[in-house]
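Working through the structure, step by step
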Amino acid sequence: MSDLERKDQQILRELNQPDITVDDDETIWLLSYADLMTLLFTLFVMLYSSLIMDEGDALRKTLSTYMQGNGVNNASSPEFSDLQNSIKQRISDEQILNNLQFVANQNGLTITFSSNLFFDSGSATLSPSAEKTMIEMAKVVKEKGTGFKIRVEGHTDDTPIGEKSRFVSNWELSGARAGYIISIFEKNGFSEKDLVAVGYGASRPLQSNRMPSGEKNPEGQRQNRRVVLSIFNSKVAPTEKAQ
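One numbering rule holds for all chains: residues counted from 1, following each sequence as written. With the structure being a predicted model, the display of local features is reserved for residues of pLDDT at least 70 and the display and counting of side-chain atom pairs for 80 or more, all residues being used for whole-chain, interface and lining totals. Each side-chain value is derived from all of the structure's non-hydrogen atoms; neither hydrogens nor water enter the calculation.

Let us look at the overall build of the protein chain. Helix and strand assignments follow DSSP, with helices taken as H or I runs no shorter than four residues and strands as E runs no shorter than two, numbered in order from the N terminus. When helices and strands are tallied, the protein chain shows 8 helices and 5 strands. Each helix (α) and strand (β) of the protein chain, taken in turn from the N terminus, gives the series α-α-α-α-β-β-α-α-β-α-β-α-β. Relative to its 243 residues, the protein chain shows a buried fraction of 32%. Note on definitions: a residue-residue contact is assigned when non-hydrogen atoms from the two residues lie within 4.5 Å. Summarising the internal contacts of the protein chain: among those between residues at least 6 apart in sequence, 70% fall at separations of at least 24. Carbon and sulfur atoms make up 54% of the accessible area of the protein chain, which amounts to about 15700 Å² in all. Accessible area is worked out with a 1.4 Å probe on protein chains only. A residue is then buried under 20% of its type maximum, exposed over 50%, and partly exposed in between. Here the accessible surface of atoms and residues is derived via Shrake-Rupley with a 1.4 Å probe, and residues count as covered only by protein chains that are part of the display.

In the contact formed by helix α3 (residues 78-90) and helix α6 (residues 128-144), the axes pass within 10 Å of each other and the chain directions differ by 145 degrees. Note that α3 runs across α6; the crossing there is right-handed. Residues Asp82, Leu83, Ser86, Ile87 and Arg90 of α3 lie in contact with α6, whose contacting residues are Glu136, Met137, Lys139, Val140, Val141, Glu143 and Lys144. In this count, Pro and Cys sit with the nonpolar residues alongside Ala, Val, Leu, Ile, Met, Phe, Trp and Tyr, while Asp, Glu, Lys and Arg are called charged and the others, Gly among them, polar. Classifying every residue of the contact of α3 with α6 gives 5 nonpolar, 1 polar and 6 charged. Only the contacting stretch of a helix is used when fitting its axis, a line to C-alpha atoms as for every element, and angles between N-to-C directions run 0 to 180 degrees. For a crossing to be left-handed, the near helix must be turned anticlockwise from the far one by less than a right angle; the clockwise case is right-handed.

Here the rule is simple: two strands pair whenever DSSP picks up at least two bridges between them. Strand order in the open sheet formed by 5 strands is β1-β2-β5-β3-β4, with mixed pairing between adjacent strands. Pairing within the sheet leaves two strands with one partner each, and these edge strands are β1 (101-104) and β4 (195-199). Neighbour to neighbour, the strand axes of the sheet diverge by 15 degrees on average, direction disregarded. Taken together, the 7 bridges between strand β2 (residues 108-114) and strand β5 (residues 226-232) define a ladder with antiparallel strand orientation. Bridged to threonine 112 within β5 is valine 228.

This next bit is on the nonpolar core. Residues Ile87, Ile111, Met134, Ile150, Phe185, Leu229 and Ile231 are the most contacted members of the largest nonpolar core, which totals 33 residues. Elements supplying a minimum of two residues to this core: α3, β1, β2, α6, β3 (149-155), α7 (170-187) and β5. Once you skip the residues sitting within four places of it in the chain, isoleucine 87 turns out to touch Phe102, Leu109, Ile111, Met137, Val140, Val141 and Ile231. Within this scheme, the nonpolar core is defined by two criteria: the residues are buried Ala, Val, Leu, Ile, Met, Phe, Trp, Tyr or Cys, and they are joined through side-chain atoms within 4.5 Å.

Glancing now at the pairing of β2. With 7 of 7 residues buried, β2 lies mostly within the body of the structure. Bridge analysis of β1 against β2 gives 4 bridges, and the strand direction is antiparallel. Looking across to β2, one finds that alanine 104 is bridged to leucine 109. Between the antiparallel neighbours β1 and β2 lie 3 residues.

Structure below.
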């Protein structure tokens, strides 16, 4: 073999070999690093998606609560809308009717009325006109359907019970008022298992009972002295309000 041929073969061998030789052990960590980055990216995407969904659910709940609380729930049941109209038609005392607040939705019908029109101060006995109204209301509810459940809540302001009252606290007074109304429904054919009476005292005010100065807030106290009557069907638990 000539010198020229040997040089040609040497050149060919050099061309067939890579310029740089890298040990596999020096690059294996890149695979683990890439897998880690992929997992972290996936985790962040899932967390972000969950956050967006939670915010959407919160917004929907807020809008639903607002609409129901203002009596504009588009999902209002025709059954309870009809019941509301029937009760209004049956009440003959315009002063009482004008002071009733009705909210009908898919869960039931809620009627809120001021304690001042129904009870004397410190008393759990309905006035004659108020008792007549409650009797007529109970009769309408009984006539309109079966399976209705009744829940009555009594609320007071923060004024302490007077010494002449037979009740020792607003808790007892509010509970007794709710119980008195419930008894009217029981006398008109409702089973006691479908009736619930609750007294909240002054624990759940609608407005502040006091001014920033600490003095009484007459308007706030007036709104807080109330009774809430809820009528709902068997699909809603007795401990839930129809709102």
